[in-house]
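These are the residues of each chain, in order.
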Amino acid sequence: MAFEYQTDTKTLVLEELTSIKSIVLYNDDVNTFDWVIESLIQVCGHTAEQAEQCAWITHLKGKCEVKNGTYEELVPMCTELLNRGLSAEIH
């Protein structure tokens, strides 16, 4: 009986871990660094330093995970980034 309880606990933890998603921001040739930084601060709640780091990572590597959370939490943020002309999606 105790074994079943441990399995159930592990299953619940696994479900919680897999429900965490990320907003991935993609590099483009349209938006300025200032606009990306301002958008990440206003939409994702980043500090200026976090936003600048994400902007540089996006520029140098082509993409960056800018926010983690549940799908439900991320949808309005991702939608707003898209409305601002940024290229982003939830993974």
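Going by the structure above, here's the rest.
Figured I'd write up the structure that's included with this text. (Residues numbered from 1 in each chain as written. Predicted model: local features only at pLDDT ≥ 70, side-chain atom pairs only at ≥ 80, totals over all residues. Heavy atoms only, no water.)

Quick notes on the sheet that holds strand β1 (residues 20-26)
- Strand order in the open sheet formed by three strands is β2-β1-β3, and the pairing between neighbours is antiparallel. A single partner strand is all that each edge strand has here, and the edge strands are β2 (63-70) and β3 (87-90). The sheet shows a mean angle of 20 degrees between the axes of neighbouring strands, taken without regard to direction. (Pairing = 2+ DSSP bridges. Helix = DSSP H or I, 4+ residues; strand = E, 2+ residues; numbered from the N terminus. Axes fitted to C-alpha atoms, helices over the stretch in contact; angles between N-to-C directions.)

Looking at helix α3 (residues 48-61)
- Over its 14 residues, α3 extends 20 Å from the first C-alpha to the last, a length consistent with the 20 Å expected when each residue adds 1.5 Å.
- Listed in full, the buried residues belonging to α3 are Ala51, Cys54, Ala55 and Thr58. Burial along α3 is one-sided: seen end-on, the buried residues are contained in an arc of 100 degrees. The exposed set on the far side of α3, more than 90 degrees from its buried face, consists of Glu49, Gln53, Leu60 and Lys61.
- Looking at the buried side of α3, the elements it contacts are β1, α2 (33-44) and β2.
- Looking one or two places after α3, you find Gly62, whose phi comes out positive at around 95 degrees. (Expected span 1.5 Å × (residues − 1). Buried < 20%, exposed > 50% of the residue type's maximum accessible area, 1.4 Å probe, protein only. Arc of directions from axis to C-beta. Contact = heavy atoms within 4.5 Å.)

Keep in mind these values describe shape, not function.
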